[in-house]
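Here is how the chains run, residue by residue.
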Amino acid sequence: ANMSYGSSPSLTDVSQQAIDAAALNADILPVCAAGNGGSSTTGSSATSNGLAVANVAPNTKVVAGNSSRGPLSGDPTRFFPDIAGCGSGTVMPRRDNEANNYVTSGTSMASPQVCGAATLVKAARPASSARELKAILLASTESIAAQNPTLNRNAYGLGFLRDDLAVLLALRPGTVLSGSIGSI
């Protein structure tokens, strides 16, 4: 499920409790925009049981200056966001006038791409739980540390979304995926 609007980083906020309930009780993977506050995460969703998505430029994979980065307000030990997707210069049809384009940028443009990738992985591996989908997406990211030398994991998470690698990982023969996510 995609959530592309501001929220609260507080785990006791009603919106966060609803997101967690959906993830834990309904096996839904919440994919949330990390926010567009730059160094502030005060309007970002905690997304504890989902994925918070940073915004990077499509060709350079450089983190946008306004993409919220951690540590998360109220939780200085948690890296935030979790993963990065293309959210800069997104071209789409204009509402109520599809003949004209609308170009916009932000984490709200990046999170639907990660949500769509989760859907592709689910189609490739239908028995996967939401937690397994999250693990597959994170385990198949591309490092973008070289493109962002002054930033760290608190700006782009474990790396750039690679839905092609995620689907390949999901299609591996066998029933159990194992491995570990290394530090960046």
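These notes cover the structure that comes with them. (Residues numbered from 1 in each chain as written. Predicted model: local features only at pLDDT ≥ 70, side-chain atom pairs only at ≥ 80, totals over all residues. Heavy atoms only, no water.)

A closer look at the overall build of the protein chain
When its secondary structure is counted, the protein chain shows 5 helices and 6 strands. Listing each helix as α and each strand as β along the protein chain from the N terminus yields β-α-β-β-β-β-β-α-α-α-α. Against the 2.2 N^0.38 benchmark of 16 Å for 184 residues, the protein chain shows a C-alpha radius of gyration of 16 Å, consistent with a compact globule. With the C-alpha coordinates of the protein chain rotated into their principal frame, the extents come out at 45 × 40 × 35 Å. The long-range share in the protein chain, meaning contacts at least 24 apart out of those at least 6 apart in sequence, stands at 69%. (Helix = DSSP H or I, 4+ residues; strand = E, 2+ residues; numbered from the N terminus. Rg over C-alpha atoms; globule rule 2.2 N^0.38 Å. Contact = heavy atoms within 4.5 Å.)

Some thoughts on unusual backbone geometry
In this model, Gly-70 is joined to Pro-71 through a cis peptide bond whose omega is 10 degrees. Counting through the fold element by element, Pro-71 comes out in the loop between strand 3 (51-56) and strand 4 (83-86). The linkage connecting Phe-80 with the following residue, Pro-81, adopts the cis geometry, with an omega of 0 degrees. Mapped onto the fold, Pro-81 is located in the loop between strand 3 and strand 4. One non-glycine residue with positive phi stands out, namely Thr-47, at about 50 degrees. Looking at the secondary structure, you find Thr-47 in the loop between strand 2 (31-33) and strand 3. Of note in this structure, Asp-96 is not a glycine but carries a positive phi near 65 degrees. With respect to the helices and strands, the residue Asp-96 is situated in the loop between strand 5 (90-94) and strand 6 (97-104).

Quick word on the pairing of strand 3
Most of strand 3 sits inside the fold, with 6 of its 6 residues counted as buried. Across the two faces of strand 3 the burial is the same, with Leu-51, Val-53 and Asn-55 and Ala-52, Ala-54 and Val-56 all buried. Bridge count between strand 2 and strand 3: 3 bridges; the pairing is parallel. Across the sheet, Ala-33 pairs through a bridge with Val-53, a residue of strand 3. Pairing of strand 3 with strand 4 involves 4 bridges; the strand directions are parallel. Counterpart to Ala-54 in the pairing with strand 4 is Ala-84. (Buried < 20%, exposed > 50% of the residue type's maximum accessible area, 1.4 Å probe, protein only. Pairing = 2+ DSSP bridges.)

Digging into the nonpolar core
Among the nonpolar cores identified, the biggest contains 21 residues, and Leu-29, Leu-51, Ile-83, Val-114, Val-121 and Leu-137 are the most heavily contacted of them. Among the elements that make up this core, the one with the highest residue count is helix 2 (residues 107-124) (6 residues). With 9 residues, the next largest nonpolar core counts Ala-54, Val-63, Cys-86 and Phe-160 among its residues. (Core = buried A, V, L, I, M, F, W, Y, C linked by side-chain atoms within 4.5 Å.)

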